[in-house]
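Report on the structure
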Amino acid sequence: MSSSTFAKKQSKTQASLGFEFLKGVGQVAGGTLLSITMLTSSICAGGLVGLAISFRNLPDVRQLRNYFPSETSYIYDIKGRLLASLHGEANREVVTLDKISPSLKRAVLASEDSYFYYHHGINPRGVGRAIVTNWNSGGVREGASTVTMQLVKNLFLSHKRAFTRKIAEAVLAIRLEQILSKDDILEMYLNQVYWGHNNYGVQTAARSYFNKSAWFLTLGESAMMAGLIQAPEQFSPFVNMKTAKKKQKEVLGRMLYLNWITKKEYDNALKEKIKLGKIKSFQGSALPYITNAVSLELANKFGRDALLKGGMRIQTTIDTKFQEMAENVVSQWHYNLLGKGLYKNQIALVAVDPRTHFVKALVGGVNSRASEFNRATQALRQPGSSFKPFVYYTAFATGKYSPNSKVFDTPVRYRDGNSWYYPRNYDGSFVGAMTVRTALSLSRNIPVIKLGKAVGMNKVVEVCRTLGIMSPMQPVTSLPLGAIEVTPLEMAGAYATLANYGWQSPTTLIIRITDSSGNLVLDNTPKPRLVLEPWAAASTIDIMKSVIDDGTGKNAAIGRPAAGKTGTTSSEKDIWFVGTTPELTTAVWVGRDDNRTLGKGATGGSMVAPIWRSFMIQALKGLPVSNFKDSSEFVRPKN
């Protein structure tokens, strides 16, 4: 932002939002406690003004006239090839305040700093409240940060919660308000703030979330965007529209309380249909699905500030050529399935090395340029019968059952509330007595439900948690048939732990992170822990080998030892094949984004196992054939 831009807007403080916008600010309840708080706060504010004179070593806020974004972070593949930068000037488009929707300006100030046009950098009332709260708690619990304070914090100070930082923040805010107008500060804030999905600045965010310029944002869209500021990834409508709408309602409620909007405007904004744009986080990224997933993992580990100005160098587990091969396989099979009548199909593929739990390939859809929604990490879909191995492992871990134990495929019913649940097999028939191995290889439903009931559904849930499946699940009778929702990444990670005989490291896309000086920030060198019974895990792999050798997964045969399981939901909305060799575990899912039926007769064995086979043959090309360990090499748990 140039100094000429600042000069042009020195007299626009009131005009930018209008007197109607500001009149609600003065509507504050009185009372003795408030008077005391205000008096105390005023004294504190006066003290801070004095401190401003003595804090000579703080940054010079005048340099904001030549402000440039913080240091960019970079993502590389395993061989050092640059995949993407997490942020930079290319992802920020600066706009002047008069090019930003008045609704957005009001929504942001209502949410973040409703006294913005009345204070001088700090909000005395907020400071008083924060002092009382922090004094009672013995630490920094409440910040009372104004928009000006947030701006100087993001640009100059660390984010560590401390009284000294809050004082410095207040001093800098006072200084900034002495040299810049309110409109200048608000303009800089709206252009600097992080809005999620690698969008820095209001213009880039508006184009990403709603495919329009910031000037054309409606009240409903503005309130939704304002609600993102505190936790952009968490409240993003791309991630969870229900959560985003909840935050939107909170912002609109605040605006109504302040009399900045009418009840009619409030009601109309809530009813407004939100039409989302597309995530453009990594436009120009060499591997969008990878950089998308890495960004989310970084946010979980370090928070959004690391994405904003961390200056990190992230080495991923991905080989670019290997990932491109996986994407090509998905693209080719997308068109093959279209030819078989599976219209609007989407495919997700995740490959994990079971020895390290490093992700080797991650494909979140059939075309990253058409849609960057990552179905490998974000789509929650029912796994169908590919869930069954977790039930059989749970049974084996008790020591009471083995692959040759007899189970019964016979009619059964269970009480389900006020009615009865009659489970059925996919073909509607009943076969009678059979071994556990046969029950899994033929994907019979009745035996696995009976076994799940025998060992306890709560125990099955516990095993799934150990395997890294964190999606919500209930210990209901239909659980063994995959009556939960999971991601392909969760399924690949869980099968990888079985393939490694119970040894597990966190499934990750990141090998290590350093700062711009080469100092180590994160080291994901595998540190495996034994989390399962090895004999039970080996026995589960053994019966899954029969699925490919003699059962529903024959189309997945790759000419070397492999184990896996087909998955088909009863409505044929989700079809899977998840399988493994000793070197590589891969989960493949096929479905539709609108969650409609793929087509009658669409099964994991007929439609997805060939995709898995095609990928695995190419992925393992040139590697020597290796065998799984036999369960006899491990000690069977005592009954």
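What counts, and where the lines are drawn
- Residues numbered from 1 in each chain as written.
- Predicted model: local features only at pLDDT ≥ 70, side-chain atom pairs only at ≥ 80, totals over all residues.
- Heavy atoms only, no water.
- Pairing = 2+ DSSP bridges.
- Helix = DSSP H or I, 4+ residues; strand = E, 2+ residues; numbered from the N terminus.
- Axes fitted to C-alpha atoms, helices over the stretch in contact; angles between N-to-C directions.
- Contact = heavy atoms within 4.5 Å.
- Buried < 20%, exposed > 50% of the residue type's maximum accessible area, 1.4 Å probe, protein only.
- Phe/Tyr/Trp six-rings, centres within 6.5 Å; stacked < 30°, edge-to-face > 60°.
- Polar contact = N/O pair within 3.5 Å; in protein donor to acceptor, adjacent residues only side chain to side chain.
- pLDDT = per-residue confidence, 0-100.
- Salt bridge = Lys/Arg side-chain N within 4 Å of Asp/Glu carboxyl O.

**Focus: the sheet that holds strand 16 (residues 585–591)**
In sheet architecture, strand pairing relies on hydrogen bonds along the backbone and comes in two forms, parallel and antiparallel. The strand order across the open sheet formed by five strands is 5-4-16-15-14, and the pairing between neighbours is antiparallel. Of all strands in the sheet, those bounded by a partner on one side alone are strand 5 (358–363) and strand 14 (563–568). When strand polarity is set aside, the average angle formed by the axes of neighbouring strands in this sheet is 10 degrees. Against the sheet, helix 16 (residues 320–339) makes contact with strand 4 (346–353), strand 5 and strand 16, and its axis sits at roughly 35 degrees relative to strand 5, the strand it touches most.

**Let's talk about the environment of Pro-506**
Inspection of the secondary structure assignment puts Pro-506 in the loop between strand 10 (503–504) and strand 11 (510–514). Classification of Pro-506 by relative accessible area gives exposed; the value is 67%. Separated by 23 residues in the primary sequence, Pro-506 and Arg-529 have C-alpha atoms spaced 9.6 Å apart.

**Brief notes about the packing of aromatic side chains**
Inspection of every chain in the model, using the stated rule, returns nine aromatic pairs. Here the aromatic rings of Phe-390 and Tyr-495 are separated by 5.7 Å at their centres, their planes lie at 80 degrees, and the arrangement is edge-to-face. Note that Phe-390 is positioned in helix 17 (residues 388–397) and Tyr-495 in helix 21 (residues 488–499), a separation of 105 residues in sequence. A single burial state applies to Phe-390 and to Tyr-495, both of which are buried.

**Here we look at the pairing of strand 16**
Here strand 16 lies mainly inside the structure; seven of its seven residues are buried. Taking every second residue as pointing to the same face, both faces of strand 16 are buried, with Thr-585, Ala-587, Trp-589 and Gly-591 on one and Thr-586, Val-588 and Val-590 on the other. Of the pairings in the sheet, the one linking strand 4 to strand 16 comprises seven bridges and is antiparallel in character. When the sheet's bridge partners are listed, Ala-348 is paired in strand 16 with Trp-589. For strand 15 (residues 574–580) and strand 16, the ladder comprises seven bridges, and the chain directions are antiparallel. Paired with Trp-576 across the bridge in strand 16 is Trp-589. Connecting strand 15 to the next strand, strand 16, in antiparallel fashion are four residues.

**Observations concerning unusual backbone geometry**
Phi at His-357 takes a positive value of approximately 65 degrees, unusual for a residue other than glycine. Structurally, His-357 can be placed in the loop between strand 4 and strand 5. You can call His-357 buried: its relative accessible area is 1%. Of note, Glu-572 is a non-glycine position whose phi angle comes to about 60 degrees, a positive value. Topologically, Glu-572 is positioned in the loop between strand 14 and strand 15. A relative accessible area of 11% places Glu-572 in the buried class.

**Brief notes about the side chain of Lys-182**
Secondary-structure assignment places Lys-182 in helix 8 (residues 182–192). A polar contact is formed between the side chain of Lys-182 and the backbone oxygen of His-119, at a distance of 2.8 Å.

**Section: the pairing of strand 11**
With four of five residues buried, strand 11 is to be regarded as a mostly interior element. As paired strands, strand 11 and strand 12 (residues 520–523) are joined by three bridges and run antiparallel to one another. Looking at strand 12, one finds that Ile-513 is bridged to Leu-522. Counting the residues in the hairpin turn of strand 11 and strand 12 gives five residues, including Gly-518, whose phi is positive at 90 degrees.

**Observations concerning the confidence of the model for the chain**
Averaged over every residue, the pLDDT of the chain is 85; residues scoring 70 or more account for 81%. Counting interchain partners and residues more than four positions distant, the pLDDT-below-50 stretch residues 1–37 has 63 contacts. Contacts of residues 139–143 to residues separated by more than four positions or lying in other chains number 16 contacts, the stretch itself having pLDDT below 50.

**Regarding the side chain of Ser-101**
Inspection of the secondary structure assignment puts Ser-101 in the loop between strand 2 (82–85) and helix 4 (102–112). Its relative accessible area of 2% is what places Ser-101 among the buried residues. Contacts of Ser-101, omitting those with residues within four sequence positions, involve Ala-214, Trp-215, Leu-217 and Ser-222.

**Notes on the pattern of salt bridges**
Applying the stated criterion to the full structure yields 14 salt bridges. Note that Glu-462 and Lys-459 form a salt bridge whose closest N and O atoms lie 3.3 Å from each other. In this pair, Glu-462 and Lys-459 are both assigned in helix 20 (residues 457–466), three residues apart and thus about one turn of the helix distant. By relative accessible area, Glu-462 is classed as partly exposed at 44%.

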